[in-house]
Amino acid sequence: MEKEQDFVEEVLEKKGLEILEFFGSFLHRSFIINLTLKISVVSDTEEEGWRFSRRSWAVVLAGVAFAHAQRQERFFDASVSADGNAYKLQADFNVDHLGKTVDSFLSSFETAIDSLSDTIEKQVDSSLPLWMRPHQNVEDVGAISGSLGDGVDDGLKVHFGQDNVDRIDGERVHSSTSEVERVPVPASRPGFGSSFPFNPFFPFGGFDNGPSFNIFNSERRGYWWKGPNVCTNREEVDEGIEDEDPTIESSGPSFSFSLGHMEMTTCRDTRNTYTCTTKTSRRGIHKTVTVTYKCCHGYIKEASGCTKIDMRSMPDTLEEIGSTDFLSMTRSAGMEELLAQNLTIFAPTNEAMQEFTADLEEETEIDNGLETDRSLNEVYLRQQRSINSHDMVMAHMTKGFLYASELHDEQVLHSLIDNSTLRINTYSTVPPSATVNCARLVSINQHSATGVVHTIDRVLKPVTKSLADLIASDPQFSILKQLISNAGMLNKLREPGQLTVFAPTDAAFRTLSDPLLESLLEGNACIDSIIKNHVLPNTICSAAVQGKARTVNLLDSYLLLERTDEDKMFVGEMAQIVAKDIVGTNGVMHIIDAPLMPQEAKPVRKVLESHNLTRFMDLLEIAGMTEELDSLTDVTIFAPSNKAIDSIPEEAKLKILDDVEQLRTILNYHIISPSLKGDDINNDHIAETRADLPIRINLYSRTPLLTGILSPGGRRSVRLTAGCSPISTLDSRACGAVVHVVERLFVVPQNSVMDHLESNDEFSIFTDMVKKTGINETLVEEGPYTVLAPTNHVFHTLPKNELDHLLEDEELQDQLVKLHVLKEHVCCAGINPNTWLFMDHKRTLDGSSIHVRRTNSGRLMAGPARITHCSAPTQNGLVHTVNQLFVNVNPQRNGASQDKVARKPVFSAPGLQILFG
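Residues numbered from 1 in each chain as written. Predicted model: local features only at pLDDT ≥ 70, side-chain atom pairs only at ≥ 80, totals over all residues. Heavy atoms only, no water.

1. Section: the overall build of the protein chain
Here is step 1 of the chain: A tally of regular secondary structure across the protein chain gives 28 helices and 41 strands.
Here is step 2 of the chain: For the protein chain, buried positions account for 44% of its 917 residues.
Here is step 3 of the chain: As displayed, the protein chain has an accessible area near 47,300 Å², and 49% of this comes from carbon and sulfur atoms. (Helix = DSSP H or I, 4+ residues; strand = E, 2+ residues; numbered from the N terminus. Buried < 20%, exposed > 50% of the residue type's maximum accessible area, 1.4 Å probe, protein only. Areas by Shrake-Rupley, 256 points an atom, 1.4 Å probe, with all protein chains shown as cover.)

In structure tokens form, the structure reads like this:
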């Protein structure tokens, strides 16, 4: 047992974060919390052999925080490290929220157990004789206990007197102290169990070796929310009428159901509140009622209930916490009487007020011409300084009492100024941080007789304009405003939401070349991509960036953010943020000194040049398609590499170049619409090209079966082909196009594999057999089919008597043809090296399988035959040449009727035998 204990301790202390991160990647977070609950319970017990250190418990909590942070898609911190020490929650705000989360799940667990206990007690009470029931005031009934057995009689026992309680197996509760004590359970007790105290399949199961229950007639402990000085808030939401029959099953701590009526109540006890949510459904009408209990203002929650605290007036509180400068500004504005109202104040520290004053003084110097070298940041501040002190004071206040536990990410509050908002954000930085209008919260929950004070590290300004209004009202954003309007994004930046805009000024846009800027202003097709590259779908304040980080924009592309040691901030490859945290009603704006030009905004020619596809560009020039290519929108281009074009025989190349119309057809066959990214491709995907001919895209596994299942690399274990040409480079985006690089020039396809057979005289014998057996009607259907066609030479190598026998036996011909036709699209580029298990066993028309593989020397094999030539695709499949028949046609061979067909491959997996024995 000691070795097992040491092992678990080591796993939790050294690998706890990795385990919790793994759980968090694919399991519901409640599973992680259940694991946490189990470990916390065991860590508090005194059972011999199982003791968990407080460090283990701390590591598990850190793992929960890490898993929760990793699930936030809004922001990905590139510097995040799986180190438990990095998750010391240093800020009171974050400690409060983590405790709130853990308490919530602990409360849900406790509420479920209490409800189950109540139900069992009622059932047991109703089954007792009248003289034993609680309302008969029988004082000497100590407890009722029992073990769940296999029969009807579970051995229910009644224990009289306190002394008898000591003899009860399992847990026991002392009525005087309400303390729980563990009693070892006999080893002979029937049931199931495990040496490890947590069973993931029964997360609420017991820790002993079998299921049991003990119901005690002791007084239930008091609940703080039922005591004095508790205030209640009730919210009712009418969810409307649903047509479906509400007779559905549900689960929860408290649940009642009758025909046409359902009611479910769940309660949770957090650090500062107790909340009960009741969902009701009566004849299709749904309603949710939430009742929240919390200590009234002036009281704090402690173990004994709500305890009164000494509170001062709001001015005294502001002086005590070091916000005297903000108090002075409030008094100078003649607004001190406002502090007597019930308010929540986000008060700047004295240092924040001093920095704000210094900024105003610097702006005054600029106005007086004392500074001639003005940065863009200084100019912007000068334009924004016309704010009166009355509005500034009110911009820091909201009505009511809002403690930190009631604040959450992307919560929008209304300040005392009409239409001015206060936006709360939280970020998974190290340590975690919280902001209001991008000002960082320094301290929280400072109690006052008339309100609550949270201190912040900067002065807030009234926020009354949307991001679109901020851009439209500032003359230095005239180009950005025009581009946003052309892209149809103006309404999105005006609607309520949570966005971040990186806004280039007019001077920033003029750093682009004149032709490019002119094309953008004229309505270039890539404006939408350019604007979306500057917008994030979440609010990212500068406080969220520590070192290097990355986030996702509206193009679903990553943007790199960086804060240097000199506190300069950059976005993308070269743009510097020169003015940050300009807050709007629907997000935040940062001003940058260069536009963020995405790959998607580059002309197709620039993308082709970046991949050195010069031969393909030469063909486009000869065909007169260069300008036409730049004007295309929403297309996919399969661009052949230089190597692919150089490998074409010189004679064939000259023939193509002499016929411009044929060349245009070939090049248009490389262009499909709409745009198709790698993640959108499925096997046997058919796409229409600009040549009005379909092209088939395939995916081929490159690994053995089990390796492919377990591989974390995704598409790295898959080969993609288009027109049977390997795709070597995926998803190079351009303006209006996606470029994939292929390693062969596409050949314009024939209609069907039957057309291919008929057009090639080398296959005349096999083609005649196909027609005789009627399979030619199958080979013109949609498919796909792969024909492994033997040439006439293969038939002529047979002895004359065998060939004559084959040509006379129609049944044998039917078998031969069906064995040479596969019911799938097997490109030579998709054939893998010789592998084990079921890799590359293809099904033929007669239902048997044939092993198609690549030998160690690089030869392509199909069963016993070698594939000597790989064909270009037709519209419904392929015709590959093989050098051997798959049927034994010797009429004199004994048992020929049983052995006409080549032996089917026998499954052999020596790797599995070695691995598993």
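2. Quick notes on the sheet that holds strand 17 (residues 421-427)
Here is step 1 of the chain: Taken together, the 7 strands give an open sheet; going across it, the order is 15-14-20-19-18-17-16, and neighbouring strands pair in mixed fashion. With partners counted over all chains shown, the strands left at the sheet margins are strand 15 (397-399) and strand 16 (411-414), one partner each. On average, each strand axis in the sheet is tilted by 30° relative to the strand beside it, whichever way the strands run.
Here is step 2 of the chain: Sheet analysis places strand 18 (residues 433-436) next to strand 19 (residues 439-448), joined by 2 bridges and oriented antiparallel. When the sheet's bridge partners are listed, V436 is paired in strand 19 with A439. (Pairing = 2+ DSSP bridges. Axes fitted to C-alpha atoms, helices over the stretch in contact; angles between N-to-C directions.)

3. Some remarks on the packing of aromatic side chains
Centre distance and the angle of the planes are the two values used to describe a pair of aromatic rings.
Here is step 1 of the chain: Counted under the stated rule, the structure contains 5 aromatic pairs.
Here is step 2 of the chain: On the basis of an interplanar angle of 45° and a centroid distance of 6.1 Å, the ring pair of Y274 and Y293 is categorised as tilted. Placement of the pair is Y274 in strand 10 (residues 273-282) and Y293 in strand 11 (residues 285-295), with a sequence separation of 19 residues.
Here is step 3 of the chain: Its relative accessible area of 8% is what places Y274 among the buried residues.
Here is step 4 of the chain: Relative accessible area serves as the criterion here: at 23%, Y293 is assigned to the partly exposed category.
Here is step 5 of the chain: When the centroid spacing of 6.0 Å and the interplanar angle of 75° are considered together, the rings of Y669 and F746 count as edge-to-face. Linking Y669 in the loop between helix 21 (660-668) and strand 29 (671-672) with F746 in the loop between strand 34 (737-742) and helix 23 (753-759), this pair joins segments that are 77 residues apart in sequence.
Here is step 6 of the chain: Note on Y669: relative accessible area 5%, which makes it buried. (Phe/Tyr/Trp six-rings, centres within 6.5 Å; stacked < 30°, edge-to-face > 60°.)

4. What about the pattern of salt bridges?
Here is step 1 of the chain: Overall, the coordinates contain 21 salt bridges when judged by the stated rule.
Here is step 2 of the chain: Note that R331 and E336 form a salt bridge whose closest N and O atoms lie 3.2 Å from each other.
Here is step 3 of the chain: A residue is classified by how much of its surface remains accessible, and R331, at 37% relative accessible area, is partly exposed.
Here is step 4 of the chain: A relative accessible area of 35% places E336 in the partly exposed class.
Here is step 5 of the chain: A salt bridge links K771 to E758, with the nearest nitrogen and oxygen atoms 3.2 Å apart. Taken together, the positions of K771 in helix 24 (residues 764-772) and E758 in helix 23 put the pair 13 residues apart, joining distant regions of the chain. (Salt bridge = Lys/Arg side-chain N within 4 Å of Asp/Glu carboxyl O.)

5. Section: the sheet that holds strand 35 (residues 785-790)
Here is step 1 of the chain: Overall, mixed pairing links the 7 strands, which are arranged 36-35-41-40-39-38-37 in an open sheet. Whereas interior strands pair on both sides, the edge strands pair on one side only; in this sheet they are strand 36 (821-822) and strand 37 (841-843).
Here is step 2 of the chain: Relative to strand 39 (residues 860-862), strand 38 (residues 849-854) is paired through 3 bridges, and the arrangement is antiparallel. Residue pairing for strand 39: R854 is matched across the bridge by L860.

6. Some words on the state of the cysteines
Here is step 1 of the chain: Within this structure, the stated rule accounts for 7 disulfides.
Here is step 2 of the chain: Note that C267 is cross-linked by a disulfide to C276, the S-S spacing being 2.1 Å. A torsion of 110° about the S-S bond marks the disulfide between C267 and C276 as right-handed. Residue C267 shares its accessibility class with C276, and that shared class is buried. (Disulfide = S-S within 2.5 Å.)

7. What to know about the environment of T505
Here is step 1 of the chain: Take T505: it is sitting in the loop between strand 21 (499-504) and helix 13 (506-509).
Here is step 2 of the chain: Note on T505: relative accessible area 3%, which makes it buried.
Here is step 3 of the chain: A sequence separation of 34 residues divides T505 from I471, and the C-alpha atoms of the two residues are 9.7 Å apart.

8. Here we look at the pairing of strand 35
Here is step 1 of the chain: Within strand 35, 6 of the 6 residues are buried, leaving the element largely enclosed by the surrounding structure.
Here is step 2 of the chain: Here strand 35 shows a buried face lined by Y785, V787 and A789 and a second buried face lined by T786, L788 and P790.
Here is step 3 of the chain: As judged from the 6 bridges shared by strand 35 and strand 41 (residues 877-882), these two strands associate in the parallel manner. Bridge pairing in strand 41 places P790 opposite V882.
Here is step 4 of the chain: By the bridge criterion, 2 bridges tie strand 35 to strand 36 in an arrangement that is antiparallel. Opposite T786, over in strand 36, you have L822 as the bridge partner.

9. Concerning the side chain of K842
Here is step 1 of the chain: Tracing the sequence through the fold places K842 in strand 37.
Here is step 2 of the chain: The buried category is assigned to K842, whose relative accessible area is 9%.
Here is step 3 of the chain: Residue contacts for K842: discarding those within four places in its chain leaves L822, E824, V826, S848, S849, I850 and V852. (Contact = heavy atoms within 4.5 Å.)

10. Observations regarding the packing of helix 24 against helix 27 (residues 810-819)
Here is step 1 of the chain: The N-to-C vectors of helix 24 and helix 27 enclose an angle of 110°; their axes lie 9 Å apart at closest approach. If you check the angle between helix 24 and helix 27, you find them roughly perpendicular. Contacts from F766, M769, V770 and K772 in helix 24 reach Q813, L816 and V817 in helix 27.
Here is step 2 of the chain: Class assignment of the residues belonging to the contact of helix 24 with helix 27 gives a composition of 5 nonpolar, 1 polar and 1 charged. (Parallel < 35°, antiparallel > 145°, perpendicular 65-115°, else oblique. Nonpolar A, V, L, I, M, F, W, Y, C, P; charged D, E, K, R; others polar.)

11. Notes on the environment of L720
Here is step 1 of the chain: Within the secondary structure layout, L720 lies in strand 32 (residues 718-722).
Here is step 2 of the chain: Here L720 falls in the buried class, since its relative accessible area comes to 6%.
Here is step 3 of the chain: Distance in space between the C-alpha atoms of L720 and S701 is 9.0 Å, their sequence separation being 19 residues.

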